[in-house]
Amino acid sequence: MELQFEGDELKSVLNRLRRAQGQISGVIKMIEEGRDCEDVVTQLAAASRALDRAGFAIIATGLQQCLTDSEKNERNGETKEQMRARLEKLFLSLA
């Protein structure tokens, strides 16, 4: 399944990923500087949430596209059950 993002969807996902990238860079710097453990963990948790949100946005886009492309997928040999199982596995991978 290929995802096709449009304007605002793409911007939102990229912004979340860039935010996570900045937070991870911050965590690395904090560790190198010997910063307080609680501060490091707080920043790491924020990066994790940003990555999770980006992943959920990607999956939501995939679900939307799969619903609109379900007839095409069925013509390509994938049943609705197979598609649902694949998307559920992706969703659970973020849980």
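Analysis parameters
- Sequence positions are assigned chain by chain, starting from 1 and proceeding in written order.
- Selection of residues for local features in this predicted model requires a pLDDT of at least 70, selection of side-chain atom pairs for listing and counting requires 80 or more, and totals for whole chains, interfaces and linings are taken over all residues.
- As a convention, hydrogens and water are excluded, and side-chain values are obtained from all of the structure's heavy atoms.
- Elements are defined by DSSP. Helices are runs of H or I of four residues or more, strands are runs of E of two residues or more, and each kind is numbered from the N terminus.
- Contacts are residue-level and defined by heavy atoms, with any inter-residue pair within 4.5 Å sufficient.
- Accessible surface is estimated by sampling points in the Shrake-Rupley manner with a 1.4 Å probe; for residues, cover comes only from the protein chains shown.
- The predictor's confidence in any single residue is recorded as pLDDT, a number from 0 to 100.
- To estimate how far a helix should reach, multiply one less than its number of residues by 1.5 Å.
- Only protein chains enter the area calculation, which uses a 1.4 Å probe; residues under 20% of their type maximum are buried, those over 50% are exposed, and those in between are partly exposed.
- By salt bridge we mean one thing: a side-chain nitrogen of Lys or Arg within 4 Å of a carboxyl oxygen of Asp or Glu.

A tally of regular secondary structure across the chain gives 4 helices and 0 strands. A fraction of 68% describes how many contacts in the chain between residues 6 or more apart in sequence connect residues 24 or more apart. Summed over its atoms, the accessible surface of the chain is roughly 7,000 Å², and 53% of this surface lies on carbon and sulfur atoms.

On average, the chain scores 81 in pLDDT, and the residues at 70 or more come to 81%. Averaged pLDDT values over the elements of the chain bottom out at 60 in helix α3 (residues 70-75) and peak at 89 in helix α1 (residues 7-32).

What follows concerns α1. Along its 26 residues, α1 runs 37 Å from first to last C-alpha, staying within 8% of the 38 Å computed at 1.5 Å per residue. For α1, the full list of buried residues reads Val13, Ala20, Gln23, Val27 and Met30.

Where charged atoms from two side chains of opposite charge approach closely, those side chains can pair. Going through the model one piece at a time under the given rule, you end up with 1 salt bridge. Here Arg35 and Glu33 are joined by a salt bridge, their closest N and O atoms 3.8 Å apart.

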